[in-house]
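Summary of the model geometry
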Amino acid sequence: MTKPESAAKRVLVAEDETLIRLDIVEILSAAGYEVVGEAADGQEAIDLALELEPDVCVLDVKMPKVEGITAAEQILKEIPTAVVMLTAFSQKELVQRAAEVGAMAYVTKPFGPNDLIPAVEIALSRQSQIEALETEIADLSERFETRKRVDRAKGLLIKRMDMTEPEAFRWIQKTSMDRRLSMREVADAVIDQVAGD
């Protein structure tokens with residue numbers, strides 16, 4: 001059994017059958033995970049997940065109060081976490097519904113460490129990939145917005161200050177370095193001042 005890398009990953013376990021929940025906790029703890037919360041129903045799982053913000057939630061599909069897939073959906077709307085669904089049923093519709101709400105792995109009962117641990121690791125890996133993509137998208141979006149503003153500022157400098165495009169770009173670049181501001185901040189200042197005239 002492989003152990004999670006770096007610090008122990010924090011896990012919330014939600015299973016209404018006490019013996020199964022204890023087995024899950026034991027399997028995860030033995031594999032080096034830190035079980036930070038245990039829930040006996042879906043509503044408790046939601047409340048604990050929002051309070052504890054675990055790295056991964058292991059949720060049974062059939063639970064009292066709020067069933068597992070609905071609980072997963074509500075948790076994932078509020079916090080970024082990996083989700084592993086547990087079920088006694090391997091029905092195609094359940095698997096599809098779980099995937100649609102954002103579950104990243106699915107384990108059918110009965111299961112052992114060789115089933116549960118790889119599912120948890122896959123879910124954590126997928127969550128990590130999603131977070132990396134979200135960061136990359138945000139970075140690209142930020143760069144695109146900066147480029148649009150720099151282009152607008154260049155246009156204003158060309159029009160109002162009678163500069164060529166390379167001169168306008170160099171002026172923005174130099175001002176950015178001299179004043180220790182980002183090019184976007186300089187562009188915004190140019191847009192505010194020149195467009196406001």
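Residues numbered from 1 in each chain as written. Predicted model: local features only at pLDDT ≥ 70, side-chain atom pairs only at ≥ 80, totals over all residues. Heavy atoms only, no water.

1. Brief notes about the environment of Leu-86
Note the cut-off: Numbering goes from the N terminus for both helices and strands, where a helix is a DSSP run of H or I of at least four residues and a strand is a run of E of at least two. Note on exposure labels: buried denotes an accessible area under 20% of the residue type's maximum, exposed denotes more than 50%, and partly exposed covers the range between, all computed with a 1.4 Å probe on protein chains only. Contact definition: two residues touch when any of their heavy atoms are within 4.5 Å.
Counting through the fold element by element, Leu-86 comes out in strand S4 (residues 82–87). Judged by relative accessible area, which is 0%, Leu-86 ranks as buried. Separated by 90 residues in sequence, Leu-86 and Ser-176 place their C-alpha atoms 54 Å apart. Beyond its immediate sequence surroundings of up to four residues, Leu-86 is in contact with Glu-15, Ile-24, Val-58, Leu-59, Asp-60, Val-61, Val-107, Lys-109, Phe-111 and Leu-116.

2. Looking at the sheet that holds S4
Stated formally: Any two strands are treated as partners once DSSP identifies two or more bridges connecting them. Under this scheme, a helix contributes an axis fitted over its contacting stretch, all axes are lines through C-alpha atoms, and angles between N-to-C directions fall in the 0 to 180 degree range.
What the five strands build is an open sheet, ordered S2-S1-S3-S4-S5; its pairing is parallel. Of all the strands in the sheet, just strand S2 (34–39) and strand S5 (105–108) have a single pairing partner and so form its edges. For this sheet, the mean inter-axis angle between neighbouring strands, taken without regard to orientation, is 20°. Of the strand pairs in this sheet, S4 and S5 are connected by four bridges, and their pairing is parallel. Looking at the pairing, Thr-87 lines up with Thr-108 of S5.

3. Details of the confidence of the model for the chain
Inclusion rule: Confidence of the predictor at the level of single residues is given by pLDDT, which spans 0 to 100.
Summing up the model confidence of the chain, the mean pLDDT is 84 and the portion of residues at 70 or higher is 95%. Per-element mean pLDDT across the chain ranges from 74 in helix H4 (residues 92–101) up to 92 in strand S1 (residues 10–14). Counting interchain partners and residues more than four positions distant, the pLDDT-below-50 stretch residues 1–5 has 13 contacts.

4. A word on helix H2 (residues 42–52)
Residues Gly-42, Ala-45, Ile-46, Leu-48 and Ala-49 constitute the buried set of H2. Among the structural elements, S1, S2, strand S3 (56–60) and helix H3 (68–78) are those in contact with the buried residues of H2. Just beyond H2, the residue with positive phi is Glu-53, at close to 45°.

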